[in-house]
Amino acid sequence: MAAASAAQLAVNGGVKMATNSQAYLEGDKVKQTKSLIAELCRHFYNQGWVSGTGGSITIKVHDDSVPKSQQLIVMSPSGVQKERMVEEDMYILSSDGSILSAPLAKPTPHKPPKCSDCAPLFMKAYQMRNAGAVIHSHGMESCLVTMLNPLAKEFRITHMEMIKGIQGHGYYDELVVPIIENTAYENELTESLTEAIKAYPKTTAVLVRNHGIYVWGDSWISAKTQSECYHYLFDAAIKLHQLGLDWTTPSHGPIQNAKISALAPNGSIKPSRQCIVLDIEGTTTPISFVTDVLFPYARNNVGRHLDATYDSAETQQDIKLLRAQVQQDLENGVAGAVCIPSDDAGKMEVIAALVANVEAMIKADRKITALKELQGHIWQTGFQNNELEGLVFDDVPAALEKWTASGIKVYIYSSGSRLAQRLLFGHTKHGDLRKHLCGFFDTTVGNKRETKSYTEITASLGVDNPSEILFVTDVYQEATAAKAAGLEVIISIRPGNGPLPDNHGFRTIRSFSEI
């Protein structure tokens, strides 16, 4: 009775064999999964995905009475001719990756049995995506497609029927597959694959440059279907490339010259990305620096600044802009708006009303030109008096230097005025970083959450295709607007940044070193 109770579990009032018992390991469900893997490997061999003992496949033992996260895992071995595998060659693992059953050794010339070198990577897909099966292919298409642009960190394609075969995608969607760099040993890819899975919550695959692809699905059917669709799309991209057609655009028209990686005059690879446009708050600079340092400084020095510079042409222009904005706010019933008296009321009365309005605007975090212009002039005094020092994340200076050295032009687009932007990057502990920046955009080009703003920036930069511009921001709405304008977009994940929507679909980074 004791032995029976150790090998059995109560399930819905009945009795079921424990998944780690010998009887379960030798049962029909496990045997069927082993047989299925052998069958699929023969099929994949004929597809050219697992030749030369390369590639691998793993499937969870489907059992409705066992939670998916606890189901056993059957995995193909390493170094075995995949088209000749049989049930007895398979490994059985627990849900945490521990080997429960290994195949017996075969006589020479067979090698001693060894579980797939991909096991640590397979486990990441199981643990992070609750996968039901994972396929690793060495298919030529999945290898060559990573070589079309040796600098690309993503494969992108749109408006192809087979995209519908990829989970969560339709014909009109843009399919994005991250590309990680190859290593000498398969298990050394584990960390970079993990980061790619985190950064691309919508993806069901990761490409490995010059190597192959990992594909997962919630079942073996889903994984197989998607693998076939991915390989079809890779093959299509390669053929379109050979025809000089652009697989990344809806029209699939001729590839723009700037889109193709070419050799620069010095023999180096010319990047397809021509420009990078950076947000400031939460991207190059901690949000806390703006909210805890710059805003309080401006708020606390409004009166002093206006009093000291009241008669200057610069301040009179700021007052003119503020008068117009406040008048508009009063007409629209904006909270905190206070009527600004005419100059006849006297300097102090005018300044008092200006201070009240500016404090309300700062408190509401208004992204308006009148406020930003005044703030920029106040900060200018602070930087000139060494009362302020610009702050950027430590990875920013090296990235700016690397990008500009490779011929990429870098710009800033922030709700802060262009003056404020130049001050911040011109006075940092790393020195003057403006030497790496080609220009500055602010709200005069448009609201950062509107697509037309990014269309205007594209026209200003003079690129042939908006996809040649990378925009990096921490704000989902800005990312969405930029993507709608055709820009490449990455979302910055920094300490103190706000949360992102689930399944937002954008690549994310935590450091500029990842770009």
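K.L.:
Help me out: how do you make sense of the layout of surface pockets in this one?
P.N.:
If a probe as big as a water molecule is rolled over the atoms, it shows which places are left empty. Here the second largest pocket defines a volume of roughly 560 Å³. Surrounding the second largest pocket, 21 residues form its lining, Glu-195, Ala-196, Ala-199, Thr-508 and Glu-514 being those nearest its centre. Where the lining of the second largest pocket is concerned, the elements lending two or more residues are β9 (174–180), α6 (190–199) and β19 (507–509). Top contributing element to the lining of the second largest pocket by residue count: α6, with five residues. For the lining of the second largest pocket, a count of residues per class yields eleven nonpolar, three polar and seven charged. Formed jointly, the lining of the second largest pocket draws a minimum of three residues from each of two domains, domain 1 (19–243) and domain 2 (275–282 + 390–514).

K.L.:
Please explain empty space enclosed by the protein as it appears in this structure.
P.N.:
One pass over the structure, following the stated rule, counts one cavity of 30 Å³ or more. Roughly 150 Å³ of internal volume is contained in the largest cavity. What lines the largest cavity is a set of 15 residues, and nearest its centre among them are Leu-294, Trp-379, Ser-414, Gly-416 and Ala-420. Breaking the lining of the largest cavity down by element, the ones donating at least two residues are α8 (287–309), α11 (369–384) and α13 (418–426). Of the residues in the lining of the largest cavity, the class split is eight nonpolar, five polar and two charged.

K.L.:
How should the packing of helix α3 (residues 28–47) against helix α7 (residues 220–242) be read in this particular structure?
P.N.:
Pairs of packed helices are described in terms of their axes, by the angle between the two and the distance that separates them. One way to put it is that α3 packs onto α7 with a least axis distance of 13 Å and a crossing angle of 5 degrees. One element, α3, and the other, α7, form an angle in the roughly parallel class. Counted together, Leu-36, Leu-40, His-43 and Phe-44 of α3 and Trp-220, Lys-224 and Glu-228 of α7 form the full contact between these two elements. Residues that form the contact of α3 with α7 fall into these classes: four nonpolar, one polar and two charged.

K.L.:
Quick question: what am I supposed to make of the packing of aromatic side chains here?
P.N.:
When we look at a pair of aromatic rings, we describe it by the centre distance and by the angle of the planes. With the rule as written, the count across this model stands at twelve aromatic pairs. A ring pair is formed by Phe-295 and Trp-379, whose centres lie 6.4 Å apart and whose planes are at 10 degrees; its orientation type is stacked. Remark: Trp-379 occurs in helix α11 and Phe-295 occurs in helix α8; sequence separation between them is 84 residues. In this structure Trp-379 comes out as buried when scored by relative accessible area, which is 5%.

K.L.:
Explain unusual backbone geometry here, please?
P.N.:
Note on backbone geometry: most residues besides glycine have negative phi, and most peptide bonds are trans. In the segment running from Thr-108 into Pro-109, the intervening peptide bond is cis, with an omega of 15 degrees. Of note in the backbone geometry, Thr-53 takes a positive phi value of approximately 70 degrees without being a glycine. Within the secondary structure layout, Thr-53 lies in the loop between α3 and β3 (56–60). Residue Thr-53 is classed as partly exposed on the basis of its relative accessible area, which comes to 23%. For Asn-210, which is not a glycine, the phi torsion comes out positive at approximately 60 degrees. When its relative accessible area of 45% is taken as the criterion, Asn-210 is described as partly exposed.

K.L.:
Is there a simple way to think about the UniProt feature "binding site: substrate 1" (unreviewed entry) in the protein in this case?
P.N.:
Sites flagged by UniProt as "binding site: substrate 1" (unreviewed entry) map to Cys-118. Tracing the backbone shows Cys-118 in the loop between β6 (99–101) and α4 (119–129). Accessibility expressed as a relative area gives 3% for Cys-118, which makes it buried. Beyond its immediate chain neighbours, meaning those up to four positions away, Cys-118 contacts Ser-56, His-136, Glu-186 and Tyr-214.

Cut-off values and rules
- Counting of residues starts from 1 at the beginning of each chain's written sequence and follows it residue by residue.
- Only residues with pLDDT of at least 70 are given local features in this predicted model, and only at 80 or more are side-chain atom pairs given and counted; all residues enter the totals for whole chains, interfaces and linings.
- The side-chain numbers reported here are obtained from all heavy atoms of the structure, hydrogens and water having been left aside.
- Cavity means a closed set of points on a 1 Å grid over the protein atoms alone, one where a 1.4 Å probe fits but cannot get out, pocket means an open set with protein on both sides within 12 Å along at least 5 of 7 lines, and lining means a residue has an atom within 4 Å of a point.
- Grid points are joined across faces, edges and corners, and a volume is the space filled by probe spheres set on the points.
- Counting from the N terminus, the helices are the DSSP runs of H or I reaching at least four residues and the strands are the DSSP runs of E reaching at least two.
- Just so you know the grouping, Ala, Val, Leu, Ile, Met, Phe, Trp, Tyr, Cys and Pro go in nonpolar, Asp, Glu, Lys and Arg go in charged, and all remaining residues, Gly too, go in polar.
- Domains are outlined according to an automatic or database domain assignment.
- To obtain each axis, a line is fitted to C-alpha atoms, and for helices this fit is confined to the stretch in contact; angles are then taken between N-to-C directions over 0 to 180 degrees.
- Angles below 35 degrees are treated as roughly parallel, those above 145 as roughly antiparallel, those between 65 and 115 as roughly perpendicular, and all remaining angles as oblique.
- Any two residues whose heavy atoms approach within 4.5 Å at even a single point are treated as in contact.
- Under the pairing criterion, centres of Phe, Tyr and Trp rings, with the six-membered ring standing for Trp, must be within 6.5 Å; the plane angle then separates stacked pairs below 30 degrees from edge-to-face pairs above 60, leaving the rest tilted.
- Classification of residues uses two cut-offs on accessible area relative to the type maximum, computed with a 1.4 Å probe and protein chains only: under 20% is buried, over 50% is exposed, and between them is partly exposed.
- UniProt positions are given in the numbering used here, feature names are shortened, and annotations may be inferred rather than shown by experiment.

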